[in-house]
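Architecture at a glance
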Amino acid sequence: MSSTPLLQCSDVRKAFRKPDGGELIVLDGMNLDLYAGQIVGLLGRSGSGKSTLLRLIAGLAEPTAGTLSYLGEPVDGPAAGIAMVFQSFALFPWLTVYENVALGLEAQHMPKDEIRKRSLQAIDLIGLDGFESAYPRELSGGMRQRVGFARALVVHPNILLMDEPFSALDVLTAETLRTDFLDLWGEGRMPIKGVVLVTHNIEEAVLMCDRILVFGSNPGRILSEIKVTLPQPRNRLDPSFRELVERIYVVMTARPANGQAAGRQERFPGLGIGSVLPSVSSNLLSGLMEAVAAAPFSGKADLPEIASDLQMEIDELFPVAETLQLLRFAELEGGDLKLTEDGLSFAAAEIDERKRIFLRHLLAYVPLAAHVRRVLDERASHSARKSRFIDELEDFMDEDAAENTLRAIIQWGRYAEAYAYDDVNAMFSLENPT
Amino acid sequence: MRRFEQFGILRNLTSRWDLIAFVVVLGLIAFLGEAARGLFVPLTQLDIVPLSLDPRHLPEYAARTTLRMLVALFISLVFTLTYATWAAKSERAGKLLVPILDILQSVPILGFLSITLVFFMSLAPGRVLGAEFASIFVIFTSQAWNMAFSFYQSLRTIPIELSEAADSFRLSPWMRFWQLEVPFGLPALVWNMMMSMSGGWFFVVASESITVGHNTVALPGIGSYIALAIEQKNLPAMGYAIGTMLLVILLYDQLLFRPLVSWVDRFRVESDPGEDTPESWALTMMRRSRLIRAGKVAFRAAVLATSRAFNFGDAAERVRAKRSKRRSLDLLWVSLVAVAVAAGVWHLVASLVAHTPVHEAVQVCGLALITMLRVFVLIALASLVWVPVGIWVGLRPRVARVVQPVAQFFAAFPANLLFPIAIYGIVTWKLQPNIWLSPLMILGTQWYILFNVIAGAAQLPAELRYAATNFGVRGWLWWRKVALPGVLPFYVTGAITASGGSWNAAQVAELVTWGNTEIEAKGLGSYIADAATAGDFHRIVLGVGVMSLFVVVINRLFWRPLYYYAERKYRLT
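Just so it is clear, the structure is predicted and the values come from calculations on it, not from any experiment.

Reading the values: the criteria
Residues numbered from 1 in each chain as written. Chains lettered and ligands numbered in written order. Predicted model: local features only at pLDDT ≥ 70, side-chain atom pairs only at ≥ 80, totals over all residues. Helix = DSSP H or I, 4+ residues; strand = E, 2+ residues; numbered from the N terminus. Buried ≥ 20, exposed ≤ 12 C-beta atoms within 10 Å, placed from the backbone. Contact = placed C-beta atoms within 7 Å. Rg over C-alpha atoms; globule rule 2.2 N^0.38 Å. Domains from an automatic or database assignment. Nonpolar A, V, L, I, M, F, W, Y, C, P; charged D, E, K, R; others polar. Axes fitted to C-alpha atoms, helices over the stretch in contact; angles between N-to-C directions. Parallel < 35°, antiparallel > 145°, perpendicular 65-115°, else oblique. Left-handed = near helix turned anticlockwise from the far one by under 90°. Pairing = 2+ DSSP bridges. pLDDT = per-residue confidence, 0-100. Expected span 1.5 Å × (residues − 1). Arc of directions from axis to C-beta. Core = buried A, V, L, I, M, F, W, Y, C linked by C-beta atoms within 7 Å. Right-handed = clockwise from strand over helix to strand, strands pointing away.

Helix and strand counts for chain B stand at 23 helices and 4 strands. Per-residue burial for chain B yields a buried fraction of 46% across its 573 residues. Of the contacts made within chain B by residues no fewer than 6 positions apart, 81% connect residues no fewer than 24 positions apart.

We now examine the overall build of chain A. Helix and strand counts for chain A come out as 15 helices and 16 strands. Relative to the globule expectation of 22 Å for 434 residues, the C-alpha radius of gyration of chain A, 24 Å, shows essentially globular dimensions. Dimensions of chain A, computed from the C-alpha atoms along their principal axes, are close to 80 × 50 × 45 Å. Split into buried and exposed, the 434 residues of chain A put 41% on the buried side. The contacts of chain A with a sequence gap of at least 6 include a subset with a gap of at least 24, amounting to 68%.

Okay, the interface of chain A and chain B next. Each partner contributes residues to the interface: chain A has 23 residues there, and chain B has 29 residues. Residue assignment for the side of chain A that touches chain B shows that the elements contributing at least two residues are β6 (82-85) and α2 (97-107) of chain A. When residues in the side of chain A that touches chain B are grouped by element, the largest group, 4 residues, is from α2(A).

What follows deals with the domain arrangement of chain B. All names here are of chain B. Per the domain assignment, the segments making up chain B are domain 1 (1-354) and domain 2 (356-573). Taken together, the 41 residues of domain 1 in the interface contact 41 residues of domain 2. Among the elements of the structure, α1 (15-38), α4 (109-123), α7 (173-207), β1 (209-212), α8 (222-231), α9 (235-264) and α13 (327-353) are those that each provide at least two residues to the side of domain 1 that touches domain 2. Across the side of domain 1 that touches domain 2, the residue classes break down as 28 nonpolar, 9 polar and 4 charged.

Below, the discussion takes up the domain arrangement of chain A. One widely used convention gives an interface's size as the accessible area the parts lose upon coming together. Residue and element names in this part refer to chain A. Segmentation of chain A into domains returns domain 1 (7-252) and domain 2 (274-429). Between domain 1 and domain 2, the C-alpha centre-to-centre distance is 35 Å. In this complex, domain 1 contributes 11 residues to the contact, which on the side of domain 2 involves 9 residues. For the side of domain 1 that touches domain 2, the element with the highest residue contribution is helix α7 (residues 239-253), accounting for 4 residues. Looking at the side of domain 1 that touches domain 2 residue by residue, the class counts come to 5 nonpolar, 3 polar and 3 charged.

What follows concerns unusual backbone geometry. Residues and elements named next belong to chain A. The omega torsion of the bond from Q232 to P233 falls at -10 degrees, within 30 degrees of zero and hence cis. Relative to the helices and strands, P233 resides in the loop between β10 (221-227) and α7. If you check the backbone angles, E417 has positive phi at about 55 degrees while not being a glycine.

Okay, the packing of helix α2 (residues 58-89) of chain B against α9(B) next. All names here are of chain B. Here α2 crosses α9 at 50 degrees, and the two axes come no closer than 11 Å. As summarised for this structure, α2 and α9 are arranged oblique, according to the angle between their axes. Judged by the twist between their axes, the crossing of α2 over α9 is right-handed. Of α9, the residues touching α2 (which contributes L58, A62 and T66) are Y240, T244 and V248. Its residues assigned to classes, the contact of α2 with α9 shows 4 nonpolar, 2 polar and no charged.

Tracing the chain through its elements places A:S48 in the loop between β3 (39-43) and α1 (50-57). Non-local contacts of A:S48, meaning those with residues more than four positions away in its chain, are made with A:F215, A:G216, A:S217 and A:G220.

This part is about the pairing of strand β4 (residues 65-70) of chain A. Residues and elements named next belong to chain A. Note that strand β1 (residues 7-17) and β4 share 5 bridges and pair antiparallel. Considered in β4, the bridge of S10 is made with T67. Alignment of β4 against strand β5 (residues 73-74), held across 2 bridges, turns out to be antiparallel. Residue pairing in the sheet places S69 in a bridge with P74 of β5. In textbook terms, the turn of a hairpin is the stretch between consecutive antiparallel strands, and for β4 and β5 this stretch comprises 2 residues, one of which, L71, has a positive phi near 50 degrees.

All names here are of chain B. Averaged over every residue, the pLDDT of chain B is 79; the share at 70 or more is 82%. Residue range residues 1-14 is modelled with pLDDT below 50. Its contacts to residues more than four positions away, or to other chains, number 23 contacts. Here the predicted complex carries an ipTM of 0.78, next to a pTM of 0.80.

A separate point is α8(B). All names here are of chain B. Most of α8 sits out of view: 8 of its 10 residues are buried. Among the residues of α8, those classed as buried are I222, G223, S224, Y225, I226, A227, A229 and I230. Positive backbone phi, approximately 50 degrees, marks K233, located one or two places after α8.

Here we take up the sheet that holds strand β9 (residues 211-216) of chain A. The strands that make up a sheet are held in pairs by hydrogen bonds between backbone atoms, and each pair lies either parallel or antiparallel. Residue and element names in this part refer to chain A. Read from one edge of the open sheet, 6 strands run β6-β7-β8-β3-β9-β10, paired in mixed fashion. Strands at the two margins of the open sheet, each flanked by one partner only, are β6 and β10. Averaged over all pairs of adjacent strands, the angle between strand axes in this sheet comes to 20 degrees, irrespective of strand direction. One ladder, built from 4 bridges, connects β6 with strand β7 (residues 159-163); its direction is parallel. Of the residues in β7, the one forming a bridge with M84 is L161. Across the face of the sheet, α1 comes into contact with β3, β6, β7, β8 (194-199) and β9 while running at roughly 150 degrees to β8.

What follows is about the confidence of the model for chain A. All names here are of chain A. Overall, the predicted model of chain A reaches an average pLDDT of 86, with 94% of residues at or above 70. Mean pLDDT values for the elements of chain A range from 84 in strand β12 (residues 330-333) up to 94 in β8. Every residue in residues 259-265 is under pLDDT 50, and counting partners more than four places away or in other chains gives 4 contacts.

This part takes up the sheet that holds strand β2 (residues 23-34) of chain A. With respect to topology, 4 strands assemble into an open sheet ordered β2-β1-β4-β5 (chain A), the strand pairing being antiparallel. In this open sheet, the two edge strands, each paired with only one partner strand, are β2 and β5 of chain A.

The next thing to look at is helix α3 (residues 112-125) of chain A. Residue and element names in this part refer to chain A. With 14 residues, α3 extends 20 Å between its outermost C-alpha atoms, agreeing within 8% with the 20 Å of an ideal straight helix rising 1.5 Å per residue. Of the positions making up α3, those classed as buried are I115, R118, S119, A122 and I123. Seen from one end, α3 has its buried residues packed into an arc of 135 degrees, which puts them on one side. Those residues of α3 that are exposed and angled more than 90 degrees off the buried face are D113, E114 and D124. Contacts made by the buried residues of α3 are with α2 and α4 (141-153). Looking at the residues trailing α3, positive phi occurs at G127, about 80 degrees.

Residues B:A148, B:I226, B:A241, B:V453 and B:I454 are the most contacted members of the largest nonpolar core, which totals 154 residues. With 15 residues, helix α5 (residues 128-156) of chain B is the single largest residue contributor to this core. Taken domain by domain, the makeup of this core includes at least three residues from each of domain 1 (1-354) and domain 2 (356-573) of chain B. Judged by nonpolar contacts, the second largest core, of 132 residues, contains A:V40, A:V97, A:M252 and B:L180.

So, on to the pairing of β7(A). Residues and elements named next belong to chain A. Counting buried positions along β7 gives 5 out of 5 residues, so the element sits mostly inside the fold. Across the two faces of β7 the burial is the same, with I159, L161 and D163 and L160 and M162 all buried. Judged from the 5 bridges that link them, β7 and β8 form a sheet pairing that is parallel. Bridged to I159 within β8 is G194. Where the polypeptide runs from β7 across helix α5 (residues 171-186) and back to β8, its parallel neighbour, the crossover connection is right-handed.

Here the focus is the packing of helix α14 (residues 358-394) of chain B against helix α19 (residues 446-458) of chain B. All names here are of chain B. Where α14 contacts α19, the two axes come as close as 7 Å, and the packing angle between them is 35 degrees. Judged by the twist between their axes, the crossing of α14 over α19 is right-handed. Along its contact with α14, which presents A382, S383, W386, V387, V389, G390, I391, V393 and G394, the element α19 presents Q446, I449, L450, V453, I454, A455, G456, A457 and A458. Residue composition of the contact of α14 with α19, grouped by class: 13 nonpolar, 5 polar and no charged.

Quick look at the structure:
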């Protein structure tokens, strides 16, 4: 192990300019050192900027501030010693397995014989023997991602970047591929020195990484760095493994530390009607409340448990849980989800009663929903264009977030029968559909 | 089935740029006309090979015509790969280039011919070559625009991860173009090439035999052969020509496009195995002969060798360059555009307004209204017939397999070959030409409605149909709630193509001859045709300009909103 890091990021910040001149910060105060022999995991939910950091390291994007250096040299474009494995495999469908693997070497204008030798080596190493002349469309997802690995390894990179490489695969295939990768890594048979793995799967991070950087959102930043010293191969059922998973859940559900003095701190960025809301369906909301209310949780559920119970990834579970918290149907703390009294009565109620409870909470705790309702009440026509609210929201957030937030408001409002929405004319109204 | 996506990319472009593009295009056309007029060379110098109606010459004529199509296709391809790439890579250029393309595809294709003919003749005075240029140029204009559109669209929609993979493996821009961008755009491009080609036959027939003023230039080819047969009222010769045309189109389809479509299927990013892969016996044959493998190996070697030889910049450099913004260039670009617009306006004013009395312009607009009415009524009538037929056929896979290729074949067949028959009917029964010439406009284009509707009905999910049956949805209710909404996006695509084709056909359909019988329907098409025969440039430019304007406005105000509405509300994904 050498003492100088393979990769060094210091105070990296990435921001996009908004149309109104403001800045949208995606990533802030990012510090990361990667040493030889390490697998570092970037763990977080979508929108936490972990993939953005990976692209900065790959030289595919440029930081707004801060420095990235690879072997002491600043990263200012795709570097020769850094290769990437993509979530969607990113194979060229018109090239065979062999041609896909050879492409990276051809780009370096390597002699023909060398290209051939190294490509076949990589194909052999990753277990693709016999598939050389197949086209990606003929392969299963697992085999396609193997091509993705072979293609990255063939250029003999010092650093391998992996962007959620197993998340597009089914559970069994993903596990096989992870194990194969860890075996090759443990035996030192891959021509790589360090790995950066982006994932939103907590168990995967604990299974594979030596260090885990837990990302928080809005803006993307590191919440905590966790060292994993468990020996390989790791066992998911090992108590110390479970403990680590639990600890990460606690970190990820901790309330933002930089909360303003005023009362409750919501988990969604922005204040009042300017909050960015996730478009979570009312079915998921009531489904999760029912699950937590029922046995064995009886109103209070441990997040890792309920996540594996419902087979939900954190990317799916967290927005639902946080929306319940926003609506005061549940509290989220210390890795637990605990229903409030109203949450419990919602879970026990029939459909009409549920709608009444939901309506009360929606108008009381979601300022934007209350705002929409107020505007409709005040107008003589009892109707308003969607664009009116979009314009208002865009003072606080970008176009996509505004669209998404309004979709949430439409969905919840329809469920609660707080107002109606006509998609063809993009109009809110108080009318009941005929 | 794949669709045209010609509107997909224009959604976000402001109308300001459209207006600028319109002025630039029309200005350019007027300029070409002016320039050509100055260079006018007496056409009597042309050494024209006399044509013969002897059917023994037909194979040679067919070969000449086919060659013209191929040359034009090649030029269109070169144009596509450069113009579309430029428009997609440079945001600055794209802002103007894309609307220009959109306007260009609204200009009636035979209008291009009328305006540019003398210009091309003057390029090679005294030889047939000039007329050859003009004919090829016409075919080019009937193919290039939608090919360029499709490639531009592909370039803009390359999946981000594929593009990142190319960057991170440091492909040089040259390699990136040939290994990523071109292959990705190929399926859509081939499909559009096929569509363009089927339109091309119509124009090759119309462009081989051209009359300007007192001179007729006839290039050896099927089109000229037909023109001569019409002039001499030779019915058997017409029959031979139609037979030859059928054969040529069939061969083209089987030997060129079926294999291409089938081969290119593997370039599609999203497709999974097991989907209906298009089949081609010709491709299978070529595969067996290892021709394709050899071609592929040669192609890759060529890309590599050129990339190596020229060492086209480092990928990292390219990424860096992409980031640096150059304000001064922006300014230069804007001022260039401003100058071009000013020049366009000046030419328009100079060549149109100054030479055209106001009442003439008003009259031309009136004629355009008549032609517009014709197009809309015809589309409506064709829809009444072909939508139910298309749905009926599309829901029966076995029937569809037979009918679909036939419909596509009819769309490719140049309908102008059949016009003399119409004349015969009109003369015999003393029919009103203003009404009875109209159907000719849609004779060749109605098939687009049919085969799009068939494709739409065929992709209607079986479960939806079972559900309708299960709930006892029948009769008129079934048509209203199930079948018609289900095929709407496809129907609109077909109707747009049919409408565009009908405007294009107006110039030959509103003025038809058979020997010395000439029948004319009042309309903008016959106005342009008259002006072209008389060689009156100002009237040609006026007519073509007004027609382009009408097509653009109708597209913007009617078809495009309809297309988006159908896509949003009725597209089954």
